[in-house]
Amino acid sequence: MKEGNYILTPNYSKIKSFLDQIQSVDEEQQAKDIISFLLPIKEEWIDYYQAVDPDDLFSRCYKIIVLSYRRLREVDVAIDYLQECIQIIEEAEEYQWKFAVKLELYYILATLYF
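Our subject in this report is the structure included herewith. (Residues numbered from 1 in each chain as written. Predicted model: local features only at pLDDT ≥ 70, side-chain atom pairs only at ≥ 80, totals over all residues. Heavy atoms only, no water.)

Brief notes about unusual backbone geometry
Consideration 1: Despite not being glycine, R73 has its phi angle at roughly 65°, a positive value.
Consideration 2: Looking at the element boundaries, R73 is found in the loop between α4 (57-71) and α5 (75-91).
Consideration 3: Overall, the relative accessible area of 62% leaves R73 in the exposed class. (Helix = DSSP H or I, 4+ residues; strand = E, 2+ residues; numbered from the N terminus. Buried < 20%, exposed > 50% of the residue type's maximum accessible area, 1.4 Å probe, protein only.)

The following block contains the structure:
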């Protein structure tokens, strides 16, 4: 699928559909399933922040991975992924005015440190 000047991967719809089904990460098995689905295709969604992406799959993927690691009580790994995401969006011009996304990610980071 082509959006703006960027080509979104063929799995874009598959990733969006997968994320749309997740309301929260309540069980450990669900967390493991999320991680096993998203991490192997990270190369695909890691660059979505550069695209004209109304679904904002980039931050949604990071957020759900972080919440999954939190559910698995792997807080250090969750913090590492969240800091990676925050660093990317703080440097990305595409996120300059997306304050709601930044606020949500920083809130999650604060709860993880707490």
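Structure's up, so let's keep going.
Some points on the side chain of K102
Consideration 1: Along the chain, the position of K102 falls in helix α6 (residues 99-113).
Consideration 2: Residue classification places K102 among the buried residues on the basis of a relative accessible area of 13%.
Consideration 3: When residues no more than four places from it in sequence are discounted, the contact partners of K102 are I89, E90, Y95 and Q96. (Contact = heavy atoms within 4.5 Å.)

Things to note about the layout of surface pockets
Consideration 1: Each pocket or cavity is described by its volume, and for the largest pocket that value is around 280 Å³.
Consideration 2: Contributing to the lining of the largest pocket are L19, I22, Q23, S24, V25, D26, R60, K63, I64, L67, R70 and R71.
Consideration 3: Take the lining of the largest pocket: its biggest share by element is six residues, from α4.
Consideration 4: For the lining of the largest pocket, the residue count by class is five nonpolar, two polar and five charged. (1 Å grid on protein atoms, 1.4 Å probe; cavity = no way out; pocket = protein on both sides within 12 Å on 5 of 7 lines; lining within 4 Å. Points joined across faces, edges and corners; volume = space filled by probe spheres on them. Nonpolar A, V, L, I, M, F, W, Y, C, P; charged D, E, K, R; others polar.)

Side note on the packing of helix α2 (residues 28-38) against α4
Consideration 1: Following both chains from N to C, one finds α2 and α4 inclined at 140°, their axes separated by 9 Å at the closest point. Looking at the two axes, α2 sits oblique to α4. Seen along the crossing, α2 lies across α4 with a hand that is left-handed. Residue-level contacts link E28, A31, I34, I35 and L38 of α2 to C61, I64, I65, S68, Y69 and R71 of α4.
Consideration 2: Residue composition of the contact of α2 with α4, grouped by class: eight nonpolar, one polar and two charged. (Axes fitted to C-alpha atoms, helices over the stretch in contact; angles between N-to-C directions. Parallel < 35°, antiparallel > 145°, perpendicular 65-115°, else oblique. Left-handed = near helix turned anticlockwise from the far one by under 90°.)

Brief notes about the pattern of salt bridges
Consideration 1: Counting across every chain of the model gives six salt bridges.
Consideration 2: E84 is paired through a salt bridge with K42; the nearest N and O atoms lie 2.6 Å apart. A residue pair is termed long-range when its members are at least 10 positions apart, and E84 in helix α5 and K42 in helix α3 (residues 42-45) qualify at 42 residues.
Consideration 3: What makes K42 buried here is its relative accessible area of 18%.
Consideration 4: Measuring nitrogen to oxygen at the nearest pair gives 2.6 Å for the salt bridge that ties E104 to K63. Taken together, the residues span a long stretch of sequence, with E104 in helix α6 and K63 in helix α4 at a distance of 41 residues.
Consideration 5: A residue is classified by how much of its surface remains accessible, and E104, at 37% relative accessible area, is partly exposed.
Consideration 6: In the salt-bridge network here, residues are joined through shared partners; they are K16, D20 and R60. (Salt bridge = Lys/Arg side-chain N within 4 Å of Asp/Glu carboxyl O.)

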